[in-house]
Every structure is written in C-alpha cells, then in structure tokens.
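Topology and contacts: notes
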Amino acid sequence: MHIYAEQRFLDNHIRNISESLEIEIISSRPNQESYLAYNSTGLSFIKDAANPKEFLYVDFLKGKLGWRIKRAEHESNLKKAIGKTKKELNIFDATAGFLSDSMIFLSLGHKVMAVEQSKIIFYLVEDAIKRAQSKIPFLRNLSFLNGNSLDIFRYSKESFDAIYLDPMYPITKKNVKGSGDMRSIRSILKLENILNEENDLCDAFMQCEYQKIILKRPLKYKKIYSNINYQVKGKTTRFDIFI
Ligand SMILES: C[S@@+](CC[C@H](N)C(=O)[O-])C[C@H]1O[C@@H](n2cnc3c(N)ncnc32)[C@H](O)[C@@H]1O
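Sequence order as written defines the numbering, with residues in each chain counted from 1. Local features in a predicted model are, by the rule used here, given only for residues with pLDDT of at least 70; side-chain atom pairs are given and counted only at 80 or more, and totals for whole chains, interfaces and linings are based on all residues. The side-chain numbers reported here are obtained from all heavy atoms of the structure, hydrogens and water having been left aside.

Focus on the site of the ligand
Applied cut-off: One heavy atom suffices: a residue is near a molecule or strand as soon as one of its heavy atoms comes within 4 Å of it. As used in this structure description, the phrase polar contact means that two N or O atoms lie within 3.5 Å; if the pair is within protein, one of them must be able to donate a hydrogen and the other to accept it, and residues adjacent in sequence are counted only when both atoms belong to side chains. Areas reported as accessible are Shrake-Rupley estimates using a 1.4 Å probe. Residue values count occlusion only from the protein chains shown. A helix here means a DSSP run of H or I that spans at least four residues, while a strand means a run of E at least two residues long, and both kinds are numbered starting from the N terminus. Each residue is assigned to one of three groups, with Ala, Val, Leu, Ile, Met, Phe, Trp, Tyr, Cys and Pro labelled nonpolar, Asp, Glu, Lys and Arg labelled charged, and all others, Gly among them, labelled polar.
Surveying the vicinity of the ligand reveals 22 residues, the closest of which are Asp-101, Glu-116, Gln-117, Ser-149 and Asp-166. For the ligand, an oxygen atom lies 3.0 Å from a polar atom in the backbone of Phe-98. At 3.4 Å, a backbone N or O of Leu-99 approaches an oxygen atom of the ligand. For the ligand, the protein covers 95% of the area, taking 610 Å² as the surface of the free molecule. Of all the elements in the fold, those that place two or more residues in the shell around the ligand are α4 (100-107), β7 (111-116) and α7 (180-191). At three residues, α7 tops the list of elements feeding residues into the shell around the ligand. Its residues assigned to classes, the shell around the ligand comprises 12 nonpolar, seven polar and three charged.

Spelled out as structure tokens, the structure:
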C-alpha cells in the first residue's frame, strides 16, 4: 500500500502519517491495490485502484455525515439512549469508527473521548477533524485517540458517565454487502490485519466498572446479555442499556 500525493501537496502532516503507517509516499497514482491519496481537499482511501472514483473521505461539514450533525436534535433514539439530562456528560466511545455517533453526542453538548483501533481510519477521521475544527466549535470537547479502547479505558484516570459500544455488525446472509461505510471499514481492518472480536470487546467492557453501557446492535440481533436494563428500538437498530 502507498500514499499518493503530488509533490506540491507534501507537508509535515502527510509525512507524519506516512511514517506512522510505515508506508511510502509516491507521486504517481497507483494502478493496483488500495491506497491513500492526499491533496488540497485532504486524505482519502481508495479501496480499488482500478476504480478511483469510489473513495472514502470523511467530511463533517457536508454530505450524509454533515447533514446528520446539523440535525442532531432529531436523533431521538440516541438521545433516549443517553437519557434525558441537562448535565454535560463525559462519554467514552470505545468504537469510534468515523465518529458519526460521537459527533451527535458532542453536538448535544457532551464531552467525548473516542478511540479507534485502526490507524488508517484514525488518520482519515483526524484529517476531517483538522478541516472542520474552525467551523465546528464543539470539536474542542472531543479527545480522539488511536489504540485499543479497552486498554485506554483501563488506564484512563477520567470518570465516564457512559461507555458507548458500536462494534462491527456480524455478517449475515442479509447484510453481506453492508453499507458502503461498513464495507470500507471491513476492508481497511483486513488490510491492517485487525481481527474483529466484537463479543470479546463487549464482554470485556461488561467486566469493567461502569455507570452505564450503551450497546448499539441490529434490531433483530440476539440478546447476548440477560442484564439489560432497558432498550431503545429504532427501525433497524436498537440500543441495549446496562446500568
Ligand atoms: C461499526 S464501527 C463504529 C461506527 C461508529 N459508531 C460511527 O458512528 O462511525 C466499529 C469501529 O470500532 C472499531 N473498534 C472495534 N474494536 C475496537 C477496539 N477494541 N478499540 C478501538 N476501536 C475498535 C473498529 O475498528 C471500527 O472502526
């Protein structure tokens, strides 16, 4: 895998990413495999060099995500899952992904520590944060880290009002194709040789001391834990709440 960046776009930001990912920057567009591309619009991931028009680019200001953030007040299920409160909560997002859910928590006035295990996803999102920072003031209430969330949670000295878990959905016959975002996450995790141990992660957090766990699952997914306190159900997903 390479980072494709023309000479005129080279800066310390992309050099640091190249060093951290241990992948070389090249100035001509790769014609095979997956690659990262960096230019004046930021960092993107191209899954298949033969199809460069299909790329993954995180944007908090425009598109699907930008629209969702703008209408955060309408996220009634996520709001119910957090619980009605005027207090500013400190939320630990253990499965950050593209930060879409965390951005809703932040826009509702809460503080978030979000952790993503994949370095590639982390840099794509960090790049989006950098671009949006001056336009989205609540981003200053976010601390975004790369690593294993369980280790980071165990070593953190902060106290959290809620742990948010949205592990990858299990692959079933029905969702084998999945949404574009989920397909991209899966292919990135595969590239980085990261195994998805969704149940192990949930089990491990269940063993930690917590005030509240919010577990996002497909609506019809089997209940694995019997100690659910309540559920918030949407059209396709549900939140299992543990107190
Ligand atoms: C379904 S996605 C989360 C989507 C996210 N809620 C959003 O709104 O964009 C699951 C993410 O959790 C990450 N993940 C899974 N286990 C993790 C762990 N132990 N530590 C950090 N990140 C983890 C995966 O790499 C993946 O990006």
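Some remarks on the domain arrangement of the chain
Basically, it comes down to this: Domains are outlined according to an automatic or database domain assignment. Here, residues are in contact when the closest pair of their heavy atoms is within 4.5 Å. Using a 1.4 Å probe, buried area is obtained as the accessible area two parts lose upon being combined, added over both of them.
The assigned domain composition of the chain is domain 1 (2-56) and domain 2 (71-171 + 199-242). Centre-to-centre, using C-alpha coordinates, domain 1 lies 29 Å away from domain 2. Counting residues at the interface gives 12 residues for domain 1 and nine residues for domain 2. When the buried area of domain 1 at its contact with domain 2 is split by residue, His-13, Ser-20 and Leu-43 rank highest and sum to 44% of it. Of the residues in the side of domain 1 that touches domain 2, the class split is seven nonpolar, five polar and no charged.

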